[in-house]
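Observations on the three-dimensional arrangement
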Amino acid sequence: MPKIVIIGAGIVGCSLADELTERGYHEVVVIEKGKLWKPGGSTSHAPGVVFQTNGSRTMAQFARQTVEKLYNIRPDSDRDETCFLKVGSMEIATTPERLADLHRRAGLALTAGINARVITPNEALKLHPLLVRDKLLGALYVPDDGIARAIRAGEVMGERSTSRGARFISECEVLAIDQSDGRVTGVQTTQGSFPADIVVSCAGIWGPKIGAMVGMAKAIQPLAHQLCYTAPMTELASYKGEAELPVLRHQGSDLYFRQRGQSLAIGWYGHRPLPVRAEDIVPNELAEVMPSQMAFTPKEWKGAMEHATEVIPSLKSSEIVESMNGLFSFTVDNFPLMGEWSGLKGFWVAEAVWITHAGGVGRAMAEWIVNGHPTLAVHECDVNRFETHQLGSLHIEERGAQNYVEVYDLLHPLQPMESPRPIRTTGYYPRQQELGAFFLEASGYERAQWYESNAGLVARYQSPQRDDWSSKFWSPIIGAEACAVREGVGLFDITTLKRIEVTGNGALEFLERLTTGNLKKKPGSITYCLMLNERAGIMSDITVMRRGERDFFVGVNSNIDINYLKQMAPDTVHVKDITAGTVGLGLFGPKSRELAQSLTRDDLSNEALGYFKLRSTYLGHVPVTLCRLSYVGELGYEIYSTADLALKLWDTLWQAGKKFGLIAAGRGAFNSMRLEKGYRSYGTDMTSEHNPHEAGLSFAVRKGGGYKGAEAFNKLNPNGLTRRLVCLVLEDPHHVVLGKEPVLHNGNVVGYVTSAYFGHTLGKQLAYAWVSAELSTQGTRLSIRYFDRDYPATVGQDPQYDPQMTRLRS
Ligand SMILES: Cc1cc2nc3c(=O)[nH]c(=O)nc-3n(C[C@H](O)[C@H](O)[C@H](O)COP(=O)(O)OP(=O)(O)OC[C@H]3O[C@@H](n4cnc5c(N)ncnc54)[C@H](O)[C@@H]3O)c2cc1C
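Residues numbered from 1 in each chain as written. Predicted model: local features only at pLDDT ≥ 70, side-chain atom pairs only at ≥ 80, totals over all residues. Heavy atoms only, no water.

1. Digging into the overall build of the protein chain
If you tally the helices and strands in the protein chain, you get 19 helices and 40 strands. Its C-alpha atoms give the protein chain a radius of gyration of 28 Å, near enough to 28 Å, the size a compact globule of 810 residues would have. Seen through its C-alpha atoms, the protein chain measures out along the principal axes to roughly 85 × 65 × 50 Å. As displayed, the protein chain has an accessible area near 30,900 Å², and 49% of this comes from carbon and sulfur atoms. Each charge sign in the protein chain was given a centre, from 85 positive and 89 negative side chains, and these centres are 5 Å apart. (Helix = DSSP H or I, 4+ residues; strand = E, 2+ residues; numbered from the N terminus. Rg over C-alpha atoms; globule rule 2.2 N^0.38 Å. Areas by Shrake-Rupley, 256 points an atom, 1.4 Å probe, with all protein chains shown as cover. Lys, Arg positive; Asp, Glu negative; His and termini not counted. Charge placed at Lys NZ, Arg CZ, Asp CG, Glu CD.)

Laid out in structure tokens, this is it:
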């Protein structure tokens, strides 16, 4: 049994100790520099409001699990004491835009199994009599939300863990982390050293400081956040308990409220960001109240009460008696940091976690440590997900601050960060700018969504009108580009997709062990395959291109994949990320072969370079790897070269392409076309929660065994599935959905949309969705809830476009 040291006894550390000891891992030592059970971190002063609804399914599930867990922790069942006050929550709307968005958020809640509904102003007033009717247009009501009694929960989980064998060491500071041969071996503290096979940093705002002990840059920015409590209010005089009124969010004014007996807590995100360096947080012994609580700065509070009294007028006569600038962590992408850091074996992290998610995060971390992978998909939170540029201190501070400002903003799912931009540009950027590219952002890269230079095509290829929301970050040019590529040929910048080289002695055996593909094919062949976990959950889908006996070029999805492969590779196998040093172009469309052939003397006929084959050649002067595959379902090539040759490659193809009507096409067209062809996108359409049968990807799994996950996969019954990924076709092509909406049958939620785009070639609105297996047969009529409307949709053929693959193979 491994010896585990957890740093920090905030809600996250306590929750993890509880979950580990529950699973029989009782050699757990929790080291806490503060005094138990109120040690002075963020948990020790936070008001504990819990709103479960989240744009991420995983985060919403973490929140659900937290509520379930804390609600059921009954420290004193005689007094019916609980660690969660289920008083419900309301997010209120005072503008039509916000009201509309509440319907969208209700949909997000429903897909995660959270009971939620939009209520009228009168219903809202009944639930919270302090609200004023004036500006109220409605509210999102979630009856199971409420208030976590986080300090008490930490104590109870701590005592429970102790009773199972864990030790909690109070007032003991971790000063250093011991390591040997790339593994942690223990920690040095103010009370001596503690040996450990696993160290988990649950240090909250001190996370960057602990990271620095092992040379790890953490994308965490501690920021001060203002919170005040009123004196007892006469309007609350009749309340005797800790809290009965629902917690409130008024996102339009960056405010939230909770009851504390006869007073109200008011939290305010409307002030300028107040970043603090982890190293500058005062030590426990010097802190006036506690280290995570800084002196209140009245000038930042300006405006808070004016906005607050607009919705709760009785606050006008209230007096603020307690106020603070409390510290907690923001990250560059708003997700927590979880998992084992690839830089040091045995060093794990669970940080930048709200109380709201702490129960779920604790569970997922324990499952990860004990079983090898959590039940829920955690790729969004994986500590190894970051691009290098995201780990610079300037970037962390700027993004952390911006995410603080935007915490309650109404953000469109496609909305890119506005600053700092641009960070990364591909070698084609100047040409794309000349063509009027509209850029969104991917992995820090500027990525063209469409090109204004194609505006002239819109008259020929028309798209249905869209509503205000779905037409954000959209243009009818997208549809025109998609149609033009299907008829002719288009150039797509695919540089942002990740690429690695896997080379050396044993490279084939290594890849065969970790992927489901049959890779024992001649050099020059390409294989689409999956990486599975022990439970046969899909960890990634990858394309393995065999360039030589021991030389593989692999298209992967993320830094998580790259780190994983690096970790697993034997000494003789070299895994190298070549994304930044190379560029990729997709040359797709029925005229792509003719165009490429006009630039090389090598034979590119179907016989010489068939589907899923690759070769090295020159296009004009440019050395390239030409791969006969396309993610958009057309004849075509992925073309790779080194970054220094980017412009020459673009110009060579552009020049030669004039004769063939070549256009540049953006990611919007790419996405529409890939959905028509039914190509899944990892992280969106399928995750580690799904197995290959459910996702319709069992064709990518080789027969027999010898790969990770084989045992579990071979035990699966493809005829006994409980859910499936299906292609829904909306009955009215003018009904646009965007993804993440609930799918309903007879008024009940039976699934959720993953990706949705208009299929411009087919003239149909498509939505891939997870639904229960009994509703997955073609022809089943379902509906998709978009804001407050239900759109009828039917389970259709998968894929809708060219199921015989004639276009790709021709
Ligand atoms: C004003 C305010 C309001 C908030 N409101 C809410 C809310 O309503 N709902 C919500 O969900 N979240 C809220 N949050 C966020 C939430 O409080 C935090 O995200 C959460 O408490 C973090 O828990 P934690 O266990 O990760 O960190 P912490 O509670 O900070 O615990 C980390 C622990 O690690 C210990 N530690 C650090 N370094 C060392 C070391 N070297 N050696 C030993 N021990 C160490 C610290 O002493 C500390 O006790 C709020 C935060 C603030 C500041």
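That shown, we press on.
2. Brief notes about the site of the ligand
Taken together, the neighbourhood of the ligand is formed by 34 residues, with Glu 32, Thr 43, Val 49, Val 353 and Thr 356 sitting nearest. Take Val 12: an N or O atom from its main chain is 3.0 Å from an oxygen atom of the ligand. Contact with the protein chains covers 98% of the free accessible surface of the ligand, which is 1,000 Å². Of all the elements in the fold, those that place two or more residues in the shell around the ligand are α1 (11-22), β19 (320-331) and α9 (355-371). Counting residues per element, the shell around the ligand draws most heavily on β19, which supplies three residues. Of the residues contributing to the shell around the ligand, the split by class is 20 nonpolar, 11 polar and three charged. (Near = heavy atom within 4 Å. Polar contact = N/O pair within 3.5 Å; in protein donor to acceptor, adjacent residues only side chain to side chain. Nonpolar A, V, L, I, M, F, W, Y, C, P; charged D, E, K, R; others polar.)

3. Re the packing of aromatic side chains
Under the criterion given, the structure shown has 24 aromatic pairs. Measuring from centroid to centroid gives 5.0 Å for Tyr 269 and Tyr 408, while their planes differ by 70 degrees, and the two rings are edge-to-face. Placement of Tyr 269 in the loop between β17 (263-268) and β18 (293-294) and of Tyr 408 in the loop between α10 (393-405) and α11 (429-434) is noted, with a sequence separation of 139 residues between them. For the pair shown, Tyr 269 and Tyr 408 are each scored as buried. A network of ring pairs unites the aromatic residues Tyr 256, Tyr 269, Phe 328, Phe 330, Trp 354, Tyr 404 and Tyr 408 as a single cluster. Lying over the aromatic face of Trp 206, Lys 33 brings its terminal NZ or CZ to 3.7 Å of the ring centre. Taking NZ or CZ as reference, Arg 723 lies 5.7 Å from the ring centre of Trp 770, over its face. (Phe/Tyr/Trp six-rings, centres within 6.5 Å; stacked < 30°, edge-to-face > 60°. Buried < 20%, exposed > 50% of the residue type's maximum accessible area, 1.4 Å probe, protein only. Lys NZ or Arg CZ within 6 Å of the ring centre and 35° of its normal.)

4. Quick notes on the packing of helix α2 (residues 57-72) against α9
For the pair α2 and α9, interaxial distance at closest approach is 6 Å and the crossing angle is 95 degrees. Between α2 and α9, the interaxial angle falls into the category roughly perpendicular. Every residue of α9 that contacts α2 at Met 59, Phe 62, Ala 63, Gln 65, Thr 66 and Glu 68 is listed here: Ile 355, Thr 356, His 357, Ala 358, Gly 359, Gly 360, Val 361, Arg 363 and Ala 364. Taken together, the residues of the contact of α2 with α9 break down into seven nonpolar, six polar and two charged. (Axes fitted to C-alpha atoms, helices over the stretch in contact; angles between N-to-C directions. Parallel < 35°, antiparallel > 145°, perpendicular 65-115°, else oblique. Contact = heavy atoms within 4.5 Å.)

5. Digging into the side chain of Arg 593
You can see Arg 593 is positioned in helix α15 (residues 592-597). In contact with Arg 593, other than residues within four places in its own chain, are Leu 604, Ser 605, Asn 606, Arg 628, Leu 635, Tyr 637 and Ser 810.

6. Description of unusual backbone geometry
Here the residue pair Ser 419 and Pro 420 is connected by a cis peptide bond, since its omega of -5 degrees sits within 30 degrees of zero. Considering the arrangement of structural elements, one finds Pro 420 in the loop between α10 and α11. Cis geometry marks the peptide bond from Arg 421 to Pro 422; its omega dihedral reads -10 degrees. When you line up the elements, Pro 422 lands in the loop between α10 and α11. One non-glycine residue with positive phi stands out, namely Glu 171, at about 50 degrees. Of note, Glu 171 is situated in the loop between β9 (167-169) and β10 (174-180). For Glu 171, a relative accessible area of 47% gives the class partly exposed. In this structure, Asn 334 is a non-glycine residue whose phi angle is positive, near 75 degrees.

7. With respect to the pattern of salt bridges
Taken as a whole and judged by the stated rule, the model has 42 salt bridges. The salt bridge partner of Arg 421 is Glu 446, with a shortest N-O separation of 2.7 Å. Taken together, the residues span a long stretch of sequence, with Arg 421 in the loop between α10 and α11 and Glu 446 in strand β23 (residues 445-451) at a distance of 25 residues. Residue Arg 421 is classed as partly exposed on the basis of its relative accessible area of 26%. (Salt bridge = Lys/Arg side-chain N within 4 Å of Asp/Glu carboxyl O.)

8. Side note on the environment of Asp 561
By the element assignment, Asp 561 lies in helix α14 (residues 559-568). For Asp 561, a relative accessible area of 4% translates into the label buried. A distance of 2.9 Å separates a polar atom in the side chain of Asp 561 from the backbone nitrogen of Asn 557.

9. Quick word on the packing of α1 against α9
Taken N-terminus to C-terminus, the directions of α1 and α9 make an angle of 40 degrees; their axes are 8 Å apart at the nearest point. In terms of axis orientation, α1 runs oblique to α9. α1 and α9 meet at a crossing whose hand is right-handed. Here Ile 11, Val 12, Ser 15, Leu 16, Glu 19 and Leu 20 of α1 lie close against α9, whose contacting residues are Ile 355, Ala 358, Gly 359, Gly 362, Arg 363, Met 365, Ala 366, Ile 369 and Val 370. Split into classes, the residues belonging to the contact of α1 with α9 amount to 10 nonpolar, three polar and two charged. (Left-handed = near helix turned anticlockwise from the far one by under 90°.)

10. Brief notes about α10
Look at α10: 18 Å from first C-alpha to last across 13 residues, which is about the 18 Å you get at 1.5 Å a residue. Inspection of α10 places His 395, Ile 396, Arg 399, Gly 400, Ala 401, Asn 403 and Tyr 404 among the buried residues, and these make up the whole buried set. Buried residues belonging to α10 abut β14 (220-230), β17 and β19. (Expected span 1.5 Å × (residues − 1).)

11. Quick notes on helix α8 (residues 304-311)
Helical geometry: 3.6 residues make up each α-helical turn, so side chains three or four residues apart lie on a common side. Every buried residue of α8 is listed here: Ala 304, Met 305, Ala 308, Thr 309 and Val 311. One side of α8 carries all its buried residues, which in axial view fall inside an arc of 160 degrees. On its buried face, α8 sits against β5 (89-93), β15 (247-250), β16 (255-260), β17, α7 (298-301) and β19. (Arc of directions from axis to C-beta.)

12. Brief notes about the sheet that holds β10
Picture the strands of a sheet paired through backbone hydrogen bonds; they go either parallel or antiparallel. The strand order across the open sheet built from three strands is β10-β11-β12, with neighbouring strands paired in antiparallel fashion. Among the strands making up the open sheet, the edge pair consists of β10 and β12 (192-195). Strand-to-strand twist across the sheet, computed as the mean angle between neighbouring axes with direction ignored, equals 25 degrees. The sheet contact formed by strand β11 (residues 183-189) and β12 spans four bridges and is antiparallel. Looking at β12, one finds that Thr 189 is bridged to Gly 192. (Pairing = 2+ DSSP bridges.)

13. Overview of the sheet that holds β17
Pairing is mixed across the open sheet formed by nine strands, whose spatial order is β6-β7-β5-β15-β16-β17-β14-β19-β18. The open sheet terminates on both sides in strands that have one partner only, identified here as β6 (117-119) and β18. The sheet contact formed by β5 and strand β7 (residues 138-142) spans five bridges and is antiparallel. The residue of β7 that forms the bridge with Ala 93 is Gly 138. Strand contacts of helix α3 (residues 96-111): β5, β6, β7 and β15, with the helix running at about 145 degrees to β5, the strand carrying the most contacts. The strands that α10 touches are β14, β17 and β19; relative to β14, the one it contacts most, it runs at about 30 degrees.

Coordinates in, geometry out; function isn't part of it.
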